[in-house]
Every structure is written in structure tokens, then in C-alpha cells.
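Topology and contacts: notes
Residue-level listing of the chains:
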Amino acid sequence: MKELMSLSIVLLVIGRSYAQTADEVVNKYFDAIGGKAKIEALKTMYSEGEISIMNNPAPFVSSVIDGKASKTEMDFNGQKIINCYTVGDGWTVNPLAGVPDPTPIPANQIGIGAMTYDLKGPFYNYAAKGYKLELAGKEKFNGADVFKLKLTTQDSVEMDGYFDAASYYQLKLVIKTKISGQPLEIAMVSSDYQKVNNGMMLPFITEVSYPGLTVTSTSKIIEANKEIDPAIFAMPKK
């Protein structure tokens, strides 16, 4: 009888360890990075660091107001490149792409830009946003056991999140969307989680892969809830 009871307990523990639900995984992720209270209190994010494009370093500064706007400026070989998104709008400066003056971002690219000013992330309050979430299994990523979650937005954008089964940090996010009817896949790999000024654990290294291009950003400073002037997001006149 005792042997059967012991076996039942072991099976219960094993079942509990591997039969996670999608909500359990995301809630443990929120706990791992600081808890929902800190996430909810997150209003702005400021960061400085270096972006590596094809092994060429470029210093960057990023400013974000949650749910409202984001702006990233970088100096690439003496050329200033700016990407700025606001709700339903955006503008860019990119001399390397033949855009030397502030120019509106095409309307078909504005939608995906909204993710750049969602500081809480797509998995936070996903149901209230009308998103669907499911646990897509357990896999290996860079040698680690990870839970794979599949998130689908109301616009049919698919996001696959990979969460470390031990730390519950998000290690990878794959976004599958369409621009002008053409499929686009963006993969973001996050690492080097460190505690920032508000107590949250955030990744200081992010590798973003687009078709034919991989960009690695390494933050040297991340400051949460720093005061940011909304005026910096306005498109300057030529």
C-alpha cells in the first residue's frame, strides 16, 4: 500500500511538472521578471547601447512611452538613422536607404510598429486584447528545455514564444505576419537577463533576425519609468 501511495505521489509530481497550461507558463514568466505589479507600473523605458549590423557597431538610444510611442536613434558610420512609431503613425530617417529627411513610415508597416511601444508585451492580459493562447509543447532551444506558446492576435498575427522551463525567462519570440500581402517572419532571441532600477529582470542582449539580415543589440543602460518628453516623438519639419 505504501509503495502504491509513493508511486501515486511521484506520478502526480511528474504530471504536474510536464502538464503545464499556457496560463501557468506565462504567469511564471511574469513572476520571474519581477511580478505583475511591477509590469503594471511600467510606464516608460529608456535604454542606451550598441547595435551590431553585419559586425559593424552602431551606438543607439531608445525611448518608449508604454502604449503611446517609441523612438530609436542610432549612428551608423556617421549616418543618423531614426525610427519613430506613435499610435497609428510613424516616421523615419535613413540616409542609407535614400531617406535623408524625416519621412512618414508607409501605412502597411505601422501595425507591426505598435509592438515597439508595448512595454508589457503581447502575452500580458492577452485575453483582454482578444488574443488566443495555447501551449504548443515542450522543445529544446540552445540546449535548454523550453515551453512553446502560440499566441494569435485578432489580426491573425502569430507569435511563438519560447520560455525556459527552469527560469521561465522568455528566450525567443517568433513573429509571423504579412506586409503588403507578403509573409514576413521576425525572430528575436533574448539573453543576459539583469535586474534594472525598478527591480525587474530584463534582457540586455537581443538578436533580431529578418529575412537576410540579423541585428544584435546590447544594452549598457536600461532605465524604467524615466521621465520622457512626448515632444521627441513629433516628426520634425524638413
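In what follows, the structure referred to is the one given above.
To keep things clear, this report deals only with the structure shown in the data block. As the structure is a computational prediction, the values presented were derived from the model and not from experiment. (Residues numbered from 1 in each chain as written. Predicted model: local features only at pLDDT ≥ 70, side-chain atom pairs only at ≥ 80, totals over all residues. Heavy atoms only, no water.)

**Considerations on the overall build of the protein chain**
The number of helices and strands found in the protein chain is 4 helices and 13 strands. Summarising its shape, the C-alpha atoms of the protein chain cover approximately 80 × 40 × 35 Å along the three principal directions. Taken across its 238 residues, the protein chain has 39% of its residues classed as buried. Across the protein chain, every contact between residues at least 6 apart in sequence was considered, and the portion connecting residues at least 24 apart equals 40%. Split by element, the accessible area of the protein chain, about 13,300 Å² in all, is 54% carbon and sulfur. Taken together, the 24 basic and 26 acidic charged side chains of the protein chain have centroids lying 3 Å from each other. (Helix = DSSP H or I, 4+ residues; strand = E, 2+ residues; numbered from the N terminus. Buried < 20%, exposed > 50% of the residue type's maximum accessible area, 1.4 Å probe, protein only. Contact = heavy atoms within 4.5 Å. Areas by Shrake-Rupley, 256 points an atom, 1.4 Å probe, with all protein chains shown as cover. Lys, Arg positive; Asp, Glu negative; His and termini not counted. Charge placed at Lys NZ, Arg CZ, Asp CG, Glu CD.)

**Points about the pairing of strand S5 (residues 89–94)**
Pairing analysis gives 5 bridges linking strand S4 (residues 79–86) to S5, with the strands arranged antiparallel. Counted as the bridge partner of Asn83 is Thr92 from S5. The hairpin turn running from S4 into S5, its antiparallel successor, is 2 residues long, and Gly88 in that turn takes a positive phi close to 75°. As paired strands, S5 and strand S6 (residues 99–104) are joined by 3 bridges and run antiparallel to one another. By the bridge assignment, Trp91 is partnered in S6 with Pro104. Counted along the chain from S5 to the antiparallel partner S6, the turn is 4 residues long, and its residue Gly98 has a positive phi close to 80°. (Pairing = 2+ DSSP bridges.)

**A short note on the pairing of strand S10 (residues 170–179)**
With 6 bridges connecting them, strand S9 (residues 158–164) and S10 associate as antiparallel partners. From the neighbouring strand, Phe163 faces S10, where its bridge partner is Gln170. Turn length for the S9-S10 hairpin, with the two strands adjacent in sequence and antiparallel, is 5 residues, and the turn residue Tyr168 shows positive phi of about 70°. Pairing between S10 and strand S11 (residues 182–195): 8 bridges, direction antiparallel. Within the sheet, the bridge partner assigned to Lys172 lies in S11 and is Val189. Linking S10 back to S11 in an antiparallel pair, the connection comprises 2 residues, with Ser180 at a positive phi of about 55°.

**Overview of the packing of aromatic side chains**
All chains considered together, the criterion is met by 7 aromatic pairs. Relative to Tyr193, the ring of Tyr169 has its centre 4.2 Å away and its plane inclined at 10°; by these criteria the two rings are stacked. Placement of the pair is Tyr169 in the loop between S9 and S10 and Tyr193 in strand S11, with a sequence separation of 24 residues. One exposure class covers both Tyr169 and Tyr193, and it is buried. Every member of this aromatic cluster is reached through a ring pair, and the members are Tyr29, Phe30, Phe123, Tyr124 and Phe163. A cation over a ring is seen here: Lys172 above Tyr162, with NZ or CZ 5.6 Å from the ring centre. (Phe/Tyr/Trp six-rings, centres within 6.5 Å; stacked < 30°, edge-to-face > 60°. Lys NZ or Arg CZ within 6 Å of the ring centre and 35° of its normal.)

**A look at the nonpolar core**
Core analysis: the biggest nonpolar cluster contains 46 residues, and Phe30, Ile33, Met45, Phe123, Leu133, Leu149 and Met200 have the highest contact counts within it. Of all the elements in the fold, those that place two or more residues in this core are helix H2 (22–32), strand S7 (132–141), strand S8 (144–152), S9, S10, S11, strand S12 (201–210) and strand S13 (213–224). Each residue touching Met200, except ones within four places of it in the same chain, is listed here: Ile33, Lys38, Ile39, Leu42, Gln194 and Lys195. (Core = buried A, V, L, I, M, F, W, Y, C linked by side-chain atoms within 4.5 Å.)

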